[in-house]
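# Remarks on the overall topology
Residue strings, one per chain:
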2 protein chains.
Amino acid sequence: MATNLYDYAYELEKGLRQSEEYVELKTMYEAVENDATAKSMFDSFRQIQMQLQQKQMAGQDISEEEVQQAQLIANQVQQNEKVTKLMEAEQRMSMAIQELNKIIMKPLDDLYGIVQGQ
Amino acid sequence: MATNLYDYAYELEKGLRQSEEYVELKTMYEAVENDATAKSMFDSFRQIQMQLQQKQMAGQDISEEEVQQAQLIANQVQQNEKVTKLMEAEQRMSMAIQELNKIIMKPLDDLYGIVQGQ
Ligand SMILES: [Ca+2]
Ligand SMILES: [Ca+2]
């Protein structure tokens, strides 16, 4: 890889670090980290989310009990402003990253066309 | 997102398009596209690869027959220089993209630590 390809990536990394989306995400993340209740809620939610996702990917059945547990935690989470703000910030960051990826991956999309480009 | 974040991504996109890895990949891709035998081999290999991957992800069993078919096509592919060169070029491009992603995603890695950073 030519040296400047890495240089462009480092510039983008700096830009990302200074972006509104990242600065906000960092602020919200730290707010949750510093609040034991919010942190425990957020961790539980993440854990059950990942658990269900892994089961789904492995083609395993998800029990009624697991769905109810996930729903219960999701309801709690929705009532905690720090956690909901963090999740909104994550959503915005994730959308920005999707857009960046779409821009950067355009050359490969051009080559492989619609099948691999989507 | 600040305007310059997109600008950095567009610069990187241009850099990628001009990179040794991309130029080589494009050349090899077109060589295969313009050779009916190589193209048909490459497409068959891709197809069976994707088929097995999807089954694996869905937790479905892969039959002995499917494994043999994949092996047969893989053997054919290894004897076609145009296809092997394309696959090598894809491998190099893929490694470059992994490196780029690692650089760009460093801010998120810093925030979420080792769990989500891997
Ligand atoms: Ca190089
Ligand atoms: Ca913005």
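An unreviewed UniProt entry lists chain A under the name UPF0342 protein ABB05_00060, with Lederbergia galactosidilytica as the source organism. Quoted verbatim from the Sequence similarities (unreviewed entry) heading of the UniProt record, the comment on chain A is "Belongs to the UPF0342 family."

## Things to note about the overall build of chain A
Summing up its helical and strand segments, chain A has 6 helices and 0 strands in all. Across chain A, helices and strands are ordered from the amino to the carboxyl terminus as α-α-α-α-α-α. The buried share among the 118 residues of chain A stands at 36%. Relative to all contacts within chain A whose residues are 6 or more apart in sequence, the contacts with residues 24 or more apart total 67%. Summing over all exposed atoms, chain A offers an accessible surface of approximately 7,500 Å²; the carbon and sulfur share of this is 49%.

## Describing the relation of the copies chain B and chain A
Relative to chain A, chain B is turned by 180 degrees and slid 0.0 Å along the rotation axis, the superposed coordinates differing by an RMSD of 0.0 Å. In short, the pair behaves as if placed about a two-fold rotation axis. Looking at the rotation axis and the C-alpha trace of chain B, the residue lying nearest is Gly59 of chain B, at 2.5 Å.

## Focus: the interface of chain B and chain A
At the interface, 40 residues of chain B touch 40 residues of chain A. Overall, the association of chain B and chain A removes approximately 3,900 Å² of surface from exposure, summing both partners, and the carbon and sulfur fraction of that is 70%. Linking chain B to chain A there are 2 salt bridges. Between Asp110 of chain B and Arg17 of chain A there is a salt bridge; the shortest N-O distance is 2.9 Å. Summed over the shared surface of chain B and chain A, the number is 8 residue pairs in polar contact (both at pLDDT 80 or more). If you list the elements that add at least two residues to the side of chain B that touches chain A, you get helix H1 (3-18), helix H2 (20-33), helix H3 (36-57), helix H5 (81-104) and helix H6 (106-117) of chain B. With 11 residues, H1 of chain B is the largest single contributor of residues to the side of chain B that touches chain A. Residue classes in the side of chain B that touches chain A are distributed as 25 nonpolar, 5 polar and 10 charged.

## Observations regarding the packing of H3 of chain B against H5 of chain B
Residues and elements named next belong to chain B. Two elements in contact, H3 and H5, have axes separated by 9 Å at closest approach and are oriented at 50 degrees. In this view, H3 runs oblique relative to H5, as classed from their interaxial angle. Between H3 and H5, the residues in contact are Ala38, Met41, Phe42, Phe45 and Arg46 and Lys82, Val83, Leu86, Met87 and Glu90, respectively. Class assignment of the residues belonging to the contact of H3 with H5 gives a composition of 7 nonpolar, no polar and 3 charged.

## Re the side chain of Glu90 of chain B
With respect to the helices and strands, Glu90 of chain B occurs in helix H5. Ignoring anything within four residues of it in the chain, the contact list for Glu90 of chain B reads Tyr112 of chain A together with Leu25, Phe42 and Arg46 of chain B.

## Brief notes about the pattern of salt bridges
For the structure on display, the rule yields 24 salt bridges over all chains. For the salt bridge of Glu33 of chain B with Lys39 of chain B, the shortest nitrogen-to-oxygen distance reads 3.6 Å. Of the residues examined, Glu33 of chain B reaches a relative accessible area of 34% and is grouped as partly exposed. The partner of Asp43 of chain B in a salt bridge is Lys39 of chain B, with the nearest N and O atoms 2.6 Å apart. Here Asp43 of chain B pairs with Lys39 of chain B, and both are found in helix H3, just 4 residues apart, close to one helical turn. Taking relative accessible area as the criterion, Asp43 of chain B reaches 35% and is therefore assigned partly exposed. Within the structure, one salt-bridge network assembled from shared partners comprises Glu13 and Arg17 of chain A together with Lys106 and Asp110 of chain B.

Conventions and cut-offs
Residues numbered from 1 in each chain as written. Chains lettered and ligands numbered in written order. Predicted model: local features only at pLDDT ≥ 70, side-chain atom pairs only at ≥ 80, totals over all residues. Heavy atoms only, no water. UniProt positions renumbered as here; feature names shortened; annotations may be inferred. Helix = DSSP H or I, 4+ residues; strand = E, 2+ residues; numbered from the N terminus. Buried < 20%, exposed > 50% of the residue type's maximum accessible area, 1.4 Å probe, protein only. Contact = heavy atoms within 4.5 Å. Areas by Shrake-Rupley, 256 points an atom, 1.4 Å probe, with all protein chains shown as cover. Least-squares fit on C-alpha atoms with pLDDT ≥ 70 in both. Buried area = accessible area lost by both parts, 1.4 Å probe. Salt bridge = Lys/Arg side-chain N within 4 Å of Asp/Glu carboxyl O. Polar contact = N/O pair within 3.5 Å; in protein donor to acceptor, adjacent residues only side chain to side chain. Nonpolar A, V, L, I, M, F, W, Y, C, P; charged D, E, K, R; others polar. Axes fitted to C-alpha atoms, helices over the stretch in contact; angles between N-to-C directions. Parallel < 35°, antiparallel > 145°, perpendicular 65-115°, else oblique.

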